[in-house]
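# Structural overview for review
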Amino acid sequence: AWLQSRYDGEVRYMAEELAGLLSWVLNLPGQTLVVLHSDHGEEFWEHGGYEHNHTLYDELVHAVLWIRPPRGWANGPHRVTEPTGLVDIVPTLIDLFDMDTEGTSPTDGISLAPFLDASRTGSLQSLQMELSNRALPFGHLMYAKERWAVVAKGHKYILETISGEEELYEVATDPREQRQV
């Protein structure tokens with residue numbers, strides 16, 4: 001409880017500081033796009049440990065991705081429930097600003113622009129389906145056993161590479177990943 005209270009205090013402090021920064025940024029002249037993201041969550045004994053960067057359960061890999069377009073949200077704001085990742089930021093920015101990508105390497109991400117641009121909301125349903133059906137891989141830990149995982153079609157598969165131990169969760173019915181299927 002003490003650790004979680006300390007963490008909650010840090011989150012509250014950061015929220016207050018970000019509110020001040022965003023108030024200033026959103027009052028700047030011109031068009032400003034704001035992208036905020038976190039790189040990880042925190043575990044508080046949901047799976048027997050605490051801190052971060054040692055497992056691939058949702059409390060650690062679920063992160064914030066917040067994008068506020070210059071002209072406001074397209075029929076939103078939206079809380080996207082389909083799996084997205086930091087890998088989607090660059091394709092979204094390229095798409096929103098119609099940047100030339102000739103000569104650049106392709107990315108594994110998907111543009112989230114239909115959530116942000118009112119002229120593209122007609123393609124929201126197909127984007128949501130694409131996000132739900134793609135396999136989103138992640139893994140390789142710094143402070144524990146090497147594990148890799150993939151989220152796809154409502155499931156999360158975790159593999160510990162040295163032991164070969166496997167875990168499979170149906171995240172729609174077990175979002176806290178407590179019961180293997």
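In what follows, the accompanying structure is described. (Residues numbered from 1 in each chain as written. Predicted model: local features only at pLDDT ≥ 70, side-chain atom pairs only at ≥ 80, totals over all residues. Heavy atoms only, no water.)

## Quick word on unusual backbone geometry
Even without being a glycine, K153 presents a positive backbone phi close to 50 degrees. Relative to the helices and strands, K153 resides in the loop between β6 (147-152) and β7 (155-160). The phi torsion at E177 lies on the positive side, around 55 degrees, for a residue other than glycine. On the secondary structure map, E177 appears in the segment after β8 (166-170). (Helix = DSSP H or I, 4+ residues; strand = E, 2+ residues; numbered from the N terminus.)

## As for helix α4 (residues 124-133)
Within α4, burial applies to L124, L127 and L131. Each buried residue of α4 lies within a common arc of 60 degrees when the element is viewed along its axis, so the set occupies one face. Turned more than 90 degrees from where α4 packs its buried face, Q125 and M129 sit exposed. (Buried < 20%, exposed > 50% of the residue type's maximum accessible area, 1.4 Å probe, protein only. Arc of directions from axis to C-beta.)

## A word on the sheet that holds β8
Ordered by their spatial adjacency, four strands build an open sheet running β5-β6-β7-β8, and the pairing between neighbours is antiparallel. A single partner strand is all that each edge strand has here, and the edge strands are β5 (136-139) and β8. The sheet shows a mean angle of 15 degrees between the axes of neighbouring strands, taken without regard to direction. The pairing of β5 with β6 spans four bridges and is antiparallel. By the bridge assignment, L136 is partnered in β6 with V151. (Pairing = 2+ DSSP bridges. Axes fitted to C-alpha atoms, helices over the stretch in contact; angles between N-to-C directions.)

## Quick word on the pairing of β8
By the alternation rule, side chains of β8 split into E167 and Y169, which are all buried, and E166, L168 and E170, of which none is buried. Sheet analysis places β7 next to β8, joined by five bridges and oriented antiparallel. Pairing of K156 across the sheet is with Y169, part of β8. Counting the residues in the hairpin turn of β7 and β8 gives five residues, including G164, whose phi is positive at 80 degrees.

## Structural notes on the environment of G109
Within the fold, G109 resides in the loop between α3 (89-96) and α4. The class of G109 is buried, set by a relative accessible area of 17%. G109 sits 60 residues away from G49 along the chain, and the two C-alpha atoms are 31 Å apart. In this structure, G109 is in contact with V87, D88, P91 and R134, ignoring residues within four places of it in sequence. (Contact = heavy atoms within 4.5 Å.)

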